[in-house]
Structures are given as structure tokens and as C-alpha cells.
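Listed below are the residues making up each chain.
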Amino acid sequence: MDQDGQKDEPETVSCGNSKCRSKIVPGDDHDGDENSGTKKRKKKKSQKTTKRRELMSFSELPEYMRDNEFILNYYRADWSIRDAFFSVFSFHNESLNVWTHLLGFILFVGLTVANIMHHDKFFPVDAKSPGNVTRWPFFVFLGGSMFCLLASSICHLFCCHSKDLNVFLLRIDYAGITAMIITSFFPPIYYIFQCTPRWYFIYLAGITSMGIFTIITLFTPSLSSPKYRGFRALLFASMGLFGIVPAVHALVVNWGNPQRNVTLVYELAMAVFYLVGTGFYVGRVPERLKPGWFDRVGHSHQIFHVFVVLGALSHYAAALLFLDWRDHVGC
Ligand SMILES: [Zn+2]
């Protein structure tokens, strides 16, 4: 636990509690020579700190950490919060999983700040006139993406702490993915149907309800068991498939729009990035082909993360086009 982590602070804090003492310096209480005792304690303490931060192989892992049997080494398990936090600067098999989404998060923070500095029309008085279109659906998408990327980084960094935290963070990670999916619908649906509010209301209310239901399901213990894995997969798939309805509707009403093809290419690119990424994720390629070769660099989850960031960037480009188009034509 983190309490233990604090107790193991090198040199300055002595290891006072019995649990810690029995592990580090058994029988050391009555050492006559204080200096030699202190030295021994320091030595053993540093040995224990090293041991606690030792990376493990798959076969040594506790049950809750066993997920990908093709990644053989460089695991952290049962680390204190403090050790897990500082492991962001060391090289283990989750390092690139953390950094791919952490850098994606920083990139999206930068894009959000740049957009905020450029626009001051979150809720303009006449949100439908050209050059005056409201920006909030665009920022809802940026917020959802940032939440997803940050939640994922935190999950990968701290999931090695304990079983309870592992389960909780995985749920937060899934909630982040749900938030990213829901908020991705906001810019295209809002800007395409802005002049016929009943449609954007129906579609956005529909996808938001599905998202909220998915998140409630993820956090309901009885529905988070392996037995309901298929049900959860169905929820995610139906959120994605839900997009087909407004997409076809939008194509029909905007068939004559000259920007149709450009936005379609960006949205298609996003779909391809997400699908290819998910393919790596599910297939566990390439580590399946050469177990142990891709433990720290190049395994499927890292590739999946890179594709998620690329997909989000494609959608960002498409969202900017939808916004510019509506800003240009008004209602
Ligand atoms: Zn991940």
C-alpha cells in the first residue's frame, strides 16, 4: 500500500511498523551498535525497495494481473501507489501504453486551448446565423477525448497496485471509451441537423442515453462479471452501429453538399483507424506470433492506442470541417 511506500522512504524515515520490520530487518530491534544497526537497516531497506520494484514474469503474477500470456516479462505487480506513479519514468511493459495516451491527452489539451483562444462563441445570441455558430458541441467532443485518453493513461499506470484498484480503473477506462464514443457524435450530428433541431435532439438524446446505460452497466458489479462480457460487447457495438442511422440520414439531406466527400474521407479514416486498432487489440498480434519479443515495445495494445489517437485526430479534422461549413452557410 502507499502507506508502506511512505514508510520505505530511503534514509529519512525509519521502518516503524511491525509488518514492515518483520519483512526488512527481522530481529534487528535489539542491535547493540546503533550505527551498524542503522547501516544494516538502510541496506536491507534498499534491498527491499529494490525487490518491491522488481519486474516480474507472467508466471509470477497474481491472478488479477494475468491478461496477456504472450507478454512474458517486465510486469509490475502489487506496487505501492508511489512506486507505480514514479514508474511512469521507467521502462516496463506498460510504459508505452501509458505514454501513447498521455501524449495524446497533452495533444488534445493543446488543441482545446488553441480553439478556446481562437473562438469566444460558446453560446452566441444568434447561434444559427453565418459566422456566429455555437462551438459547444465541438468542445464536448474535445472534452470526451481528453477524458478517455487521460483515464486510459491512469489505468495503465496504476492498475498494478491491487486487485480492487485494477477492477475500478478498468471500469473508468471503459467509461472513458464510452465518453469518447458518445461525444464523437456531437459535432457531426449537431452541425448537420442544426436547422432541424428535432433531429439533432432525437439523435443526441438517443446516443447519450445509450452511453449512460453502458456506463451504469459497467459499474454494476453483477453485470461486470465475465458471464456478461458478450452483453457489454453488444453495448459498445450498438453505440458504434447507432451512428449508421444519422450518417445515412445526413448523407441523404446533404447529398449535394460539395464538402460531402472530404468529410466522408475523414470519417471513413476514423472508422478504419478504430477498426484496425481493435483488430490488433482482439487478435493480440504481433506478440502471439513471437511471445516475449514484444514485451516492452510493439505489442498489440500499444498499436491499438496509437490507432485510437489517430482515429480521434481524424474525427477532430472532420469536426472542424462540419463546424466551418455550418459557420459558413448558417441556417
Ligand atoms: Zn489501453
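As a reminder, the structure under discussion sits directly above these lines.
Since we're looking at a predicted model, the values are computed, not measured.

Asker: Would you mind showing me how to read the overall build of the protein chain here?
Answerer: Summing up its helical and strand segments, the protein chain has twelve helices and zero strands in all. Secondary structure elements of the protein chain, listed N to C terminal, follow the sequence α-α-α-α-α-α-α-α-α-α-α-α. Within the span of the protein chain, comprising 331 residues, buried residues form 43% of the whole. Across the protein chain, contacts joining residues at least 24 apart in sequence account for 68% of those joining residues at least 6 apart. Total accessible area computed for the protein chain in this model is approximately 17,500 Å², and 67% of it derives from carbon and sulfur atoms.

Asker: Please clarify how the coordination of the zinc ion should be interpreted in this entry.
Answerer: A metal bound by six donors in octahedral fashion has ideal angles of 90 or 180 degrees, whereas one bound by four tetrahedral donors has an ideal angle of 109.5 degrees. Protein ligation of the zinc ion involves His156 (NE2), His301 (NE2) and His305 (NE2), the donor distances falling in the range 2.0 to 2.1 Å. In the primary structure, the donors to the zinc ion are separated according to the pattern H-x144-H-x3-H. Of the two residues, His156 is situated in helix α6 (residues 136-158) and His301 in helix α12 (residues 300-329); the sequence distance between them amounts to 145 residues. His156 sits in the buried class, given a relative accessible area of 7%.

Asker: Whenever I open this one, the environment of Ala312 confuses me. Can you help?
Answerer: Here Ala312 lies in helix α12. A residue is classified by how much of its surface remains accessible, and Ala312, at 0% relative accessible area, is buried. Expressed as a C-alpha distance, the spacing of Ala312 and Tyr274, which sit 38 residues apart in the sequence, is 8.8 Å. Every residue in contact with Ala312, bar those within four places of it in the chain, is listed here: Phe108, Phe141, Met180 and Tyr274.

Asker: Honestly, the packing of aromatic side chains in this entry has me stumped. Any pointers?
Answerer: Here the distance between the centres and the angle between the planes together describe a pair of aromatic rings. Summed over all chains, the structure comprises 17 aromatic pairs. Here Phe58 and Tyr75 contribute two aromatic rings whose centre-to-centre distance is 6.0 Å and whose plane-to-plane angle is 55°, an arrangement assigned as tilted. Placement of Phe58 in the loop between α3 (34-52) and α4 (81-86) and of Tyr75 in the loop between α3 and α4 is noted, with a sequence separation of 17 residues between them. An angle of 80° between the planes, with centres 5.2 Å apart, marks the rings of Phe85 and Phe86 as edge-to-face. One aromatic cluster is present, built from ring pairs that chain together Phe108, Phe138, Phe139, Phe141 and Tyr316. Positioned above the aromatic ring of Phe58 is the side chain of Arg66, whose terminal nitrogen or guanidinium carbon lies 5.5 Å from the ring centre. Sitting above the plane of the Tyr74 ring, Arg296 keeps its charged end 3.9 Å from the centroid.

Asker: Even after reading the chapter, I still don't get the packing of helix α7 (residues 163-192) against helix α8 (residues 197-219), so can you show me in this structure?
Answerer: When two helices pack together, their arrangement is given by the angle between their axes and by how far apart the axes lie. Where α7 contacts α8, the two axes come as close as 10 Å, and the packing angle between them is 175°. Put simply, α7 runs roughly antiparallel to α8. Along its contact with α7, which presents Phe168, Arg171, Ile172, Tyr174, Ala175, Thr178, Ile182, Phe185, Phe186, Ile189 and Tyr190, the element α8 presents Tyr200, Tyr203, Leu204, Ile207, Thr208, Gly211, Ile212, Thr214, Ile215, Leu218 and Phe219. Of the residues belonging to the contact of α7 with α8, the class tally is 17 nonpolar, four polar and one charged.

The rules we used
- Residues numbered from 1 in each chain as written.
- Predicted model: local features only at pLDDT ≥ 70, side-chain atom pairs only at ≥ 80, totals over all residues.
- Heavy atoms only, no water.
- Helix = DSSP H or I, 4+ residues; strand = E, 2+ residues; numbered from the N terminus.
- Buried < 20%, exposed > 50% of the residue type's maximum accessible area, 1.4 Å probe, protein only.
- Contact = heavy atoms within 4.5 Å.
- Areas by Shrake-Rupley, 256 points an atom, 1.4 Å probe, with all protein chains shown as cover.
- Donors = N, O, S within 2.8 Å, 3.2 Å for Na, K, Ca; no water.
- Phe/Tyr/Trp six-rings, centres within 6.5 Å; stacked < 30°, edge-to-face > 60°.
- Lys NZ or Arg CZ within 6 Å of the ring centre and 35° of its normal.
- Axes fitted to C-alpha atoms, helices over the stretch in contact; angles between N-to-C directions.
- Parallel < 35°, antiparallel > 145°, perpendicular 65-115°, else oblique.
- Nonpolar A, V, L, I, M, F, W, Y, C, P; charged D, E, K, R; others polar.

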